Amino acid sequence: MITVVGSINLDLIATVSRLPGPGETVPGADFKSAPGGKGANQALAAARAGAQVRMVGAVGKDAFAGEATAYLKAGGVDLGGVAEIQAATGIALILVGGDGENMIAVVPGANGSVVQGDLNKAQFKKGDVVLLQHEIPLPTVDAALDMARKAGAITMLNTAPFRAEAASFVGKADYVVANETEFDLYAEALTLPAGERPQRMGEFARRTGATVIVTLGGDGVLAAKGDELVQVDALKITPVDTVGAGDTFCGYLAAGLSAGLELEEALRRAAAAGSLACLKPGAQPAIPLAAEVDAALKG
């Protein structure tokens, strides 16, 4: 079982020819809405990878809540831990440029009300994988790491978005997943010795005992486990939309570890899934099924 404790949003997505600069207005070419939120995206990715998934989070009692959870329901994710509260459902405002790059502003809404008491719904068990991110209150994330480890669960923390105050507990997770920018910022916050990224990753792994994984976009993934470095390539693609690629990677990685795959194989499947997620617009609509990942890896 994979338990995801995290955010549930509705993404409002505008496509533009290029991303605007500060104070600049650019014309849009298309608009759509789609379910999102890092927690929900990762939960759906793990489910599409073939895992049993439980979601713990919150939505508002508003018109957006049903659309925000629609893909999770269709994907068979257990929503018994998702509360409906008197607040707005979380919203992400997303601009996607013609080159596939994006800018995102997140309004947390109900996600800001996910508190430590909600973790009683999580039912952490020995051997389960617990997946967390930074789009809910950080004290809740910290408490979830402690509760999950006490229960004997495997903990995975996606350190997005970067929040400096999280540096005090990122090392509690068994697996820490960050992109290049996030890792470099946490390395500074944790006063890791200066040097190349692989060496700093190794130092982080030695200090904390965690496996640290850094996603490198089109260059794949680099992981440090103790003194061992593992590098996996991404698929060679032309991206349409990179929204949700990192979340797809995290969900597939959690599913691979839950299934007992060795780290390198789990990373390879997750990297392929993240690449495939860049071939379609949107976050959850673009998450590939396990059969698509299998075909791409054979291909």
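Source: prediction; values computed, not measured.

1. A word on the packing of helix H5 (residues 180–189) against helix H6 (residues 197–208)
Step number 1: As a packed pair, H5 and H6 sit with axes 11 Å apart at the nearest point and diverge in direction by 60°. Accordingly, the angle class assigned to the pair H5 and H6 is oblique. The crossing of H5 and H6 is left-handed. On the side of H5, the interface is formed by Glu 180, Phe 183, Asp 184, Ala 187 and Glu 188, while H6 contributes Arg 197, Arg 200, Met 201 and Phe 204.
Step number 2: In terms of residue class, the contact of H5 with H6 is built from four nonpolar, no polar and five charged.

2. Observations regarding the layout of surface pockets
Step number 1: One number sums up the size of the largest pocket: a volume of about 1200 Å³.
Step number 2: For the lining of the largest pocket, the secondary-structure elements that each account for two or more residues are strand S2 (9–16), helix H1 (38–48), strand S6 (90–96), strand S7 (102–107), strand S10 (175–179), H5, helix H7 (245–258) and helix H8 (263–276).
Step number 3: Of the residues belonging to the lining of the largest pocket, the class tally is 24 nonpolar, 16 polar and eight charged.

3. Observations regarding the pairing of S10
Step number 1: Burial runs high along S10: four of the five residues are buried.
Step number 2: As paired strands, strand S9 (residues 154–158) and S10 are joined by three bridges and run parallel to one another. Counterpart to Asn 158 in the pairing with S10 is Val 177.
Step number 3: Pairing analysis gives five bridges linking S10 to strand S11 (residues 211–215), with the strands arranged parallel. Across the sheet, Ala 178 pairs through a bridge with Val 214, a residue of S11.

4. Considerations on unusual backbone geometry
Step number 1: The peptide bond linking Ala 160 to Pro 161 adopts the cis configuration, its omega dihedral lying at -10°.
Step number 2: Examined against the element boundaries, Pro 161 turns out to sit in the loop between S9 and S10.
Step number 3: A positive phi angle, near 50°, is found at Thr 191, a position not held by glycine.
Step number 4: Along the chain, Thr 191 falls in the loop between H5 and H6.
Step number 5: For Thr 191, a relative accessible area of 60% corresponds to the exposed category.

5. Digging into empty space enclosed by the protein
Step number 1: Counted under the stated rule, the structure contains one cavity of 30 Å³ or more.
Step number 2: The computed volume of the largest cavity comes to approximately 70 Å³.
Step number 3: Lining the largest cavity we find Thr 159, Val 170, Val 176, Ala 178, Phe 183, Tyr 186, Ala 187, Leu 190, Leu 192, Phe 204 and Val 212.
Step number 4: Listing elements by their share of the lining of the largest cavity, those giving two or more residues are S10 and H5.
Step number 5: For the lining of the largest cavity, the element with the highest residue contribution is H5, accounting for three residues.
Step number 6: A class-by-class count of the residues in the lining of the largest cavity yields 10 nonpolar, one polar and no charged.

The rules we used
Residues numbered from 1 in each chain as written. Predicted model: local features only at pLDDT ≥ 70, side-chain atom pairs only at ≥ 80, totals over all residues. Heavy atoms only, no water. Axes fitted to C-alpha atoms, helices over the stretch in contact; angles between N-to-C directions. Helix = DSSP H or I, 4+ residues; strand = E, 2+ residues; numbered from the N terminus. Parallel < 35°, antiparallel > 145°, perpendicular 65-115°, else oblique. Left-handed = near helix turned anticlockwise from the far one by under 90°. Contact = heavy atoms within 4.5 Å. Nonpolar A, V, L, I, M, F, W, Y, C, P; charged D, E, K, R; others polar. 1 Å grid on protein atoms, 1.4 Å probe; cavity = no way out; pocket = protein on both sides within 12 Å on 5 of 7 lines; lining within 4 Å. Points joined across faces, edges and corners; volume = space filled by probe spheres on them. Buried < 20%, exposed > 50% of the residue type's maximum accessible area, 1.4 Å probe, protein only. Pairing = 2+ DSSP bridges.

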